[in-house]
Amino acid sequence: MTKFSLIILSIILSSTTIWAQKNIDQAIKKYNTNSIPYISPESLNKAKNIVILDSREKKEYNVSHLKNAIWVGYDSFNIKKIKLDRNSDIVIYCSIGVRSEDIGEQLINNGYTNVHNLYGGIFKWVENGYPVYDSSNTETKKVHAYNKQWGKLLKKGEKVYK
(Lines give C-alpha, C1' and ligand atoms only; values in the text may rest on other atoms or scores of the structure.)
Protein backbone atom coordinates (compact mmCIF):
# COMPACT_ATOMS: atom_id res chain seq x y z
CA MET A 1 0.00 0.00 0.00
CA THR A 2 1.37 3.41 -0.92
CA LYS A 3 1.88 6.21 1.55
CA PHE A 4 -0.90 8.18 -0.17
CA SER A 5 -3.32 5.26 0.18
CA LEU A 6 -2.51 4.94 3.87
CA ILE A 7 -3.19 8.65 4.39
CA ILE A 8 -6.55 8.42 2.59
CA LEU A 9 -7.54 5.31 4.56
CA SER A 10 -6.55 7.01 7.81
CA ILE A 11 -8.68 10.08 6.99
CA ILE A 12 -11.70 7.96 6.10
CA LEU A 13 -11.46 5.85 9.26
CA SER A 14 -10.97 8.84 11.56
CA SER A 15 -13.85 10.80 10.04
CA THR A 16 -16.28 7.91 10.45
CA THR A 17 -15.16 7.40 14.04
CA ILE A 18 -15.82 11.04 14.89
CA TRP A 19 -19.42 10.86 13.71
CA ALA A 20 -20.19 7.27 14.71
CA GLN A 21 -22.57 8.51 17.40
CA LYS A 22 -26.06 7.47 16.44
CA ASN A 23 -27.83 9.25 19.24
CA ILE A 24 -27.50 12.10 21.69
CA ASP A 25 -26.58 9.86 24.63
CA GLN A 26 -23.55 8.47 22.76
CA ALA A 27 -22.44 11.95 21.68
CA ILE A 28 -22.71 13.32 25.22
CA LYS A 29 -20.71 10.39 26.56
CA LYS A 30 -18.01 11.06 23.96
CA TYR A 31 -17.77 14.86 24.15
CA ASN A 32 -18.74 15.85 27.71
CA THR A 33 -16.85 15.45 30.95
CA ASN A 34 -19.92 15.71 33.20
CA SER A 35 -18.31 18.65 34.97
CA ILE A 36 -21.70 20.38 35.25
CA PRO A 37 -24.60 18.46 36.76
CA TYR A 38 -27.41 17.68 34.36
CA ILE A 39 -31.09 18.45 34.58
CA SER A 40 -33.47 16.41 32.46
CA PRO A 41 -35.96 18.06 30.11
CA GLU A 42 -38.76 16.60 32.26
CA SER A 43 -37.36 18.15 35.44
CA LEU A 44 -36.76 21.51 33.79
CA ASN A 45 -40.29 21.53 32.41
CA LYS A 46 -41.63 21.18 35.99
CA ALA A 47 -39.15 23.60 37.59
CA LYS A 48 -40.08 27.05 38.90
CA ASN A 49 -37.94 30.17 39.31
CA ILE A 50 -35.20 28.96 36.97
CA VAL A 51 -33.00 31.23 34.87
CA ILE A 52 -32.50 29.61 31.46
CA LEU A 53 -29.44 30.57 29.41
CA ASP A 54 -28.99 29.68 25.73
CA SER A 55 -25.32 29.18 24.83
CA ARG A 56 -25.82 28.70 21.10
CA GLU A 57 -25.05 31.32 18.49
CA LYS A 58 -27.55 34.12 17.88
CA LYS A 59 -28.74 32.68 14.55
CA GLU A 60 -29.57 29.40 16.32
CA TYR A 61 -31.40 31.21 19.12
CA ASN A 62 -33.41 33.26 16.63
CA VAL A 63 -34.70 30.11 14.89
CA SER A 64 -35.96 28.67 18.18
CA HIS A 65 -35.24 28.69 21.88
CA LEU A 66 -36.82 27.65 25.16
CA LYS A 67 -39.44 30.01 26.55
CA ASN A 68 -37.89 32.92 28.47
CA ALA A 69 -34.34 31.77 27.64
CA ILE A 70 -31.70 34.48 27.77
CA TRP A 71 -29.21 34.35 24.91
CA VAL A 72 -25.59 34.43 26.12
CA GLY A 73 -23.87 32.88 23.09
CA TYR A 74 -20.82 30.70 22.88
CA ASP A 75 -18.13 32.26 20.69
CA SER A 76 -19.20 35.70 21.92
CA PHE A 77 -19.88 34.67 25.54
CA ASN A 78 -18.69 37.27 28.04
CA ILE A 79 -18.95 36.35 31.72
CA LYS A 80 -18.79 40.05 32.65
CA LYS A 81 -22.15 40.61 30.93
CA ILE A 82 -23.92 38.06 33.13
CA LYS A 83 -25.72 40.09 35.78
CA LEU A 84 -27.43 37.41 37.84
CA ASP A 85 -27.40 36.63 41.52
CA ARG A 86 -24.63 34.07 41.91
CA ASN A 87 -27.02 31.82 43.86
CA SER A 88 -29.70 31.81 41.14
CA ASP A 89 -30.93 28.47 39.87
CA ILE A 90 -29.45 28.47 36.35
CA VAL A 91 -29.97 25.99 33.54
CA ILE A 92 -27.80 26.39 30.48
CA TYR A 93 -28.34 24.64 27.17
CA CYS A 94 -27.16 24.40 23.57
CA SER A 95 -27.94 21.85 20.84
CA ILE A 96 -27.10 18.72 22.87
CA GLY A 97 -25.10 19.97 25.87
CA VAL A 98 -21.48 20.21 24.74
CA ARG A 99 -21.11 23.98 24.36
CA SER A 100 -23.33 24.58 27.37
CA GLU A 101 -21.00 22.47 29.50
CA ASP A 102 -18.14 24.83 28.58
CA ILE A 103 -20.18 27.92 29.47
CA GLY A 104 -21.41 26.24 32.66
CA GLU A 105 -17.80 25.67 33.71
CA GLN A 106 -17.09 29.38 33.23
CA LEU A 107 -20.12 30.27 35.37
CA ILE A 108 -19.02 27.90 38.16
CA ASN A 109 -15.44 29.20 37.96
CA ASN A 110 -16.82 32.72 38.45
CA GLY A 111 -18.77 31.96 41.59
CA TYR A 112 -22.18 30.84 40.33
CA THR A 113 -23.25 28.08 42.68
CA ASN A 114 -26.32 26.40 41.20
CA VAL A 115 -25.70 25.72 37.51
CA HIS A 116 -27.14 22.79 35.57
CA ASN A 117 -26.68 21.64 31.99
CA LEU A 118 -29.86 20.63 30.15
CA TYR A 119 -29.28 16.99 29.27
CA GLY A 120 -29.47 16.62 25.49
CA GLY A 121 -30.01 20.34 25.02
CA ILE A 122 -32.71 21.74 22.80
CA PHE A 123 -32.63 18.54 20.69
CA LYS A 124 -33.73 16.38 23.64
CA TRP A 125 -36.19 19.09 24.76
CA VAL A 126 -37.93 18.96 21.37
CA GLU A 127 -37.65 15.16 21.23
CA ASN A 128 -39.63 15.06 24.50
CA GLY A 129 -42.41 17.16 22.94
CA TYR A 130 -41.77 20.44 24.73
CA PRO A 131 -42.31 23.71 22.86
CA VAL A 132 -39.74 26.10 21.43
CA TYR A 133 -40.22 29.68 20.31
CA ASP A 134 -38.86 31.80 17.48
CA SER A 135 -37.48 35.35 17.63
CA SER A 136 -41.02 36.78 17.82
CA ASN A 137 -41.84 34.42 20.72
CA THR A 138 -44.23 32.40 18.59
CA GLU A 139 -44.21 28.63 19.07
CA THR A 140 -42.39 26.90 16.20
CA LYS A 141 -41.41 23.44 15.04
CA LYS A 142 -38.12 24.73 13.61
CA VAL A 143 -34.86 23.90 15.34
CA HIS A 144 -31.44 25.07 14.24
CA ALA A 145 -29.54 21.80 13.84
CA TYR A 146 -26.06 23.43 14.06
CA ASN A 147 -24.67 21.53 11.06
CA LYS A 148 -25.46 18.45 8.94
CA GLN A 149 -23.49 16.09 11.20
CA TRP A 150 -25.04 17.25 14.49
CA GLY A 151 -28.39 17.53 12.72
CA LYS A 152 -28.46 13.73 12.41
CA LEU A 153 -29.04 13.66 16.17
CA LEU A 154 -32.20 15.79 15.92
CA LYS A 155 -35.06 13.31 15.60
CA LYS A 156 -38.05 15.68 15.84
CA GLY A 157 -38.75 19.18 14.62
CA GLU A 158 -37.97 20.89 11.35
CA LYS A 159 -34.21 21.14 10.85
CA VAL A 160 -32.78 24.53 9.91
CA TYR A 161 -29.13 25.11 9.02
CA LYS A 162 -29.00 28.80 8.02
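What you see is a predicted model; the values in this text were computed from it and never measured.

**Focus: the side chain of Thr-140**
Following the sequence through the fold, Thr-140 ends up in strand S7 (residues 139-140). Within the structure, Thr-140 has its side chain in polar contact with the backbone nitrogen of Lys-142 (distance 3.1 Å). Those residues within four positions of Thr-140 in sequence are excluded, and the remaining contacts are Val-63, Ser-64, Val-132, Tyr-133 and Asp-134.

**Examining the side chain of Ser-95**
Structurally, Ser-95 can be placed in the loop between strand S4 (90-93) and helix H5 (98-109). Judged by relative accessible area, Ser-95 falls into the buried class, the value being 5%. Beyond its immediate sequence surroundings of up to four residues, Ser-95 is in contact with Arg-56, Glu-60, Gly-120, Gly-121, Ile-122, Phe-123, His-144 and Tyr-146.

**Concerning the nonpolar core**
Among the nonpolar cores identified, the biggest contains 24 residues, and Leu-44, Leu-66, Ile-96, Leu-118, Ile-122 and Phe-123 are the most heavily contacted of them. Counting residues per element, the ones that place at least two in this core are helix H2 (24-31), S4 and helix H6 (121-127). When residues of this core are assigned to their parent elements, the largest contribution, four residues, is made by H6. With near-sequence residues (within four places) excluded, Phe-123 lies in contact with Ile-24, Ser-95, Ile-96, Val-143, His-144, Ala-145, Trp-150, Leu-153 and Leu-154. Judged by nonpolar contacts, the second largest core, of twelve residues, contains Ile-36, Leu-53, Ile-103 and Val-115.

**Concerning the environment of Thr-33**
Relative to the elements of secondary structure, Thr-33 occurs in the loop between H2 and strand S1 (38-39). For the pair Thr-33 and Asp-102, spaced 69 residues apart in sequence, the C-alpha separation works out to 9.8 Å. Those residues within four positions of Thr-33 in sequence are excluded, and the remaining contacts are Glu-101 and Glu-105.

**Some details on unusual backbone geometry**
Positive phi, close to 60 degrees, is recorded for Asn-137, a residue that is not glycine. With respect to the helices and strands, the residue Asn-137 is situated in the loop between strand S6 (132-133) and S7. Residue Asn-137 is classed as exposed on the basis of its relative accessible area, which comes to 56%. Residue Tyr-146 is not a glycine yet carries a positive backbone phi of 70 degrees. Relative to the helices and strands, Tyr-146 resides in the loop between strand S8 (142-144) and helix H7 (148-151). For Tyr-146, a relative accessible area of 38% corresponds to the partly exposed category.

**Quick look at the packing of aromatic side chains**
Counted under the stated rule, the structure contains three aromatic pairs. Seen from their ring centres, Tyr-38 and Tyr-119 are 5.0 Å apart, and the 80 degrees between their planes marks the pair as edge-to-face. Within this pair, whereas Tyr-38 is found in strand S1, its partner Tyr-119 is found in the loop between strand S5 (115-118) and H6, the two being separated by 81 residues in sequence. Given the relative accessible area of 22%, Tyr-119 is considered partly exposed.

**Some points on the pattern of salt bridges**
Per the counting criterion, the structure on display carries four salt bridges. A salt bridge links Glu-60 to Arg-99; the shortest N-O distance between them is 2.9 Å. Pair noted here: Glu-60 is in helix H4 (residues 58-63) and Arg-99 is in helix H5, with a separation of 39 residues, a long-range link. Comparing Glu-60 with Arg-99 shows no difference in burial state: the two are buried. For the salt bridge of Glu-127 with Lys-124, the shortest nitrogen-to-oxygen distance reads 3.5 Å. Here Glu-127 and its partner Lys-124 are both found in helix H6, three residues apart, which amounts to about one turn of the helix. Given a relative accessible area of 15%, Lys-124 falls into the buried group.

Parameters and conventions
Residues numbered from 1 in each chain as written. Predicted model: local features only at pLDDT ≥ 70, side-chain atom pairs only at ≥ 80, totals over all residues. Heavy atoms only, no water. Helix = DSSP H or I, 4+ residues; strand = E, 2+ residues; numbered from the N terminus. Polar contact = N/O pair within 3.5 Å; in protein donor to acceptor, adjacent residues only side chain to side chain. Contact = heavy atoms within 4.5 Å. Buried < 20%, exposed > 50% of the residue type's maximum accessible area, 1.4 Å probe, protein only. Core = buried A, V, L, I, M, F, W, Y, C linked by side-chain atoms within 4.5 Å. Phe/Tyr/Trp six-rings, centres within 6.5 Å; stacked < 30°, edge-to-face > 60°. Salt bridge = Lys/Arg side-chain N within 4 Å of Asp/Glu carboxyl O.

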